[in-house]
Every structure is written in structure tokens, then in C-alpha cells.
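An overview of the molecular structure
Spelled out, the chains give:
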Amino acid sequence: MDRRTVLASLGAVAAASPLRAQEPAQTSPKWSSPVIDMHFHMRRTPEANIAHQQGAGVTAANLLARADAGPAAAALKAQKPAMFPSWFGSTDVAKPDAEQILTQAVKDGAKGFGELKFPVAADGPEMRRVYDLAAELNVPVLIHFQEIGQPAAPGGYNTGIKRFATMLKAYPKTKFIAHADAFWANISADYHEQEAYPTGPIVPGGVSDKLLADYPNLFADTSANSANNALSRDAEFTKDFLRRHQDKLHFGSDCNCEDGKGGGAAQNSDRVAPRMRGKCVAQETLKLLTASSTPAIFRKIAWTNAHRLLGMTV
Ligand SMILES: [Zn+2]
Ligand SMILES: [Zn+2]
């Protein structure tokens, strides 16, 4: 066939099979290993939770449930044990009954505390009692570190990442999972809280990088625009960072999209960082991790590290 004939026949196929032509958009991506999303805020219905997993090609998710959503998380786990094998419980750490609520969550089956995102200092009395409790119950604590106010989250949360070595030293039996912009912006040594999502090449020796290297009880998840932005700044640095911390990082999305493909109003609103609007954070970060690591390192970050931390069989 000459070129014109080929084009004509392709056109005929496309015209005759509109459904087939749309198939690639409906197909879920395939990753090089199974994936667990360690930062998945539980949605309102079982169907909505399942839709994000299927759309993004994600095997499993650790559900982050608010204090009163523990029973719903446990029910979803019972309904879909392979897809939702674990959940974390949360409550306002400033409330007097915080310890009681968190303890009850673990009794009800929670495998960790989080996400803890409250306007307190990360080394203040509210968080210190949580760290003590986490050590006692042997569950990790997922912390949102933020210094700079944002449209969707004004003010600071768990402030003081630059002082956090003191906590890691004081609570050696507590397993900390770090997340959010103050943690990820601080992988560069030149960060001075000038903006939430700095860009440009990384200056080695940042606070977060050092904390991960120096303290065996610190872990981090790669969720949200904060991690995606940080790991998109400097390809050579990112490869080395993932290699050096391959046993300390967990994939997470913190995505707001409805379908695992960037759809829905929440992921397309001005509360979402412009670079992530209309995109699925899970997919974007899994692509980034794939491009920046070996299949063996990807598997650790996407699957095995989280299972080891939560005491689940792979
Ligand atoms: Zn957060
Ligand atoms: Zn998504």
C-alpha cells in the first residue's frame, strides 16, 4: 500500500470503531511492581475509593481515616482486604482525649497514627505525647510538616522541621513518617522558607536528607505535589536520593482526583498547585519514580518498605 492508502485504511478503521479508538484512555497504567499508596485519604464511598485505585493502576492503599471514620475504614478493609489492607487513625492532637481516641483506633485495627496535620509545634507537648503513645503501641506516626500558609491550608502545621533531630533522638522507639512541603523543600541546603514549592537544582546537604541518613526511625512518603515537585527539580540528585534512601521511602499520592486519571472538580480547583491540576498525583509520581530508579528500588519504595514498616506480609 502507498502512504495515502495506508492513511485511508487507518481512517476507515478509526471511523468504524469509535470505541476501540478510545480504549487507551480507559486502560489503567501498569507499573513494574505492585504498588501500595501509603497516603490515601479515605473517600466518602467504597466505590470512590476503589475507582481511584483502579484508574491509577494501584494495587493497594493505606487508608487515612479521621477519628470517627475508623469503623468505615475497617469495613472497607473487610470488603476489599487486598486493596485496602491497612488504615491509620487520626484526631486533633490538642484535644485532651487525643491519646484515648488514638489508642482506641489501634485497638480497632489501625496500623498507625495519621495523618497528623494540626497547628502545633512538632516538638511541642501535644505531639510529644503522641510520640510516646506511638512508641508504646508500636505504630508509626505520619506527620504533615508545613511552615508556609497555602490556599487550601493556611498557617503552619507541625512546625520546626529544622529542629526535628532533637525529637528523633529523644524518641528512638517511635517510627516517624515525614510528609508535606517543609520536609520536601528542605532536601535542598539553600532552603530558607521562602516559598512552599521551591524550584531549581538541589544544593546537597539539606536538613531532610541528613535526617533520613542519620536517624533509623525516620521514614518519608513521596506523596502530594510537595514530593513530586522536590523530586522533579534535579534528575541526577533524585536518582541518588532514591538510591541512598531506598529503604526509608514509601510511595504515597495524597491525590484528590476522582478517577485515578486527574478527573473531578477537586483536582482541577485553584486549591491544587497549578503543575498538578488535572493530573493524577499517583500516576505522576509513579512515573517519576520509574524514571528515577531501578526496578528493584522502585519495588522497595512502591511496595516492600511499607509492608515491612506496618508488619504486613508482602
Ligand atoms: Zn498532608
Ligand atoms: Zn489521582
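Structure report, in brief. Owing to the predicted nature of the structure, the values given are computational and were not obtained by experimental measurement. (Residues numbered from 1 in each chain as written. Chains lettered and ligands numbered in written order. Predicted model: local features only at pLDDT ≥ 70, side-chain atom pairs only at ≥ 80, totals over all residues. Heavy atoms only, no water.)

Burial along strand S3 (residues 86-89) is two-sided: the face carrying Ser-86 and Phe-88 and the face carrying Trp-87 and Gly-89 are both buried. Note: strand S2 (residues 60-65) against S3, four bridges, orientation parallel. Considered in S3, the bridge of Ala-65 is made with Gly-89. Here S3 runs beside strand S4 (residues 112-116); their pairing, made up of two bridges, is parallel. Within S4, the residue paired with Gly-89 across the bridge is Phe-113. Note that the unit made of S3, helix H5 (residues 98-107) and S4 has a crossover that is right-handed. (Buried < 20%, exposed > 50% of the residue type's maximum accessible area, 1.4 Å probe, protein only. Helix = DSSP H or I, 4+ residues; strand = E, 2+ residues; numbered from the N terminus. Pairing = 2+ DSSP bridges. Right-handed = clockwise from strand over helix to strand, strands pointing away.)

With the rule as written, the count across this model stands at nine salt bridges. Between Asp-240 and Arg-243 there is a salt bridge, and its shortest N-O distance comes to 2.5 Å. Highlighted residues: Asp-240 and Arg-243, both in helix H11 (residues 235-244), separated by three residues, approximately one helical turn. Asp-240 is the partner of Arg-244 in a salt bridge, and the nearest nitrogen-oxygen pair spans 3.1 Å. Placement of the pair is Arg-244 and Asp-240 together in helix H11, with a separation of four residues, close to one helical turn. Classification of Arg-244 as partly exposed rests on a relative accessible area of 36%. Through salt bridges with shared partners, one network takes in Asp-209, Asp-240, Arg-243 and Arg-244. (Salt bridge = Lys/Arg side-chain N within 4 Å of Asp/Glu carboxyl O.)

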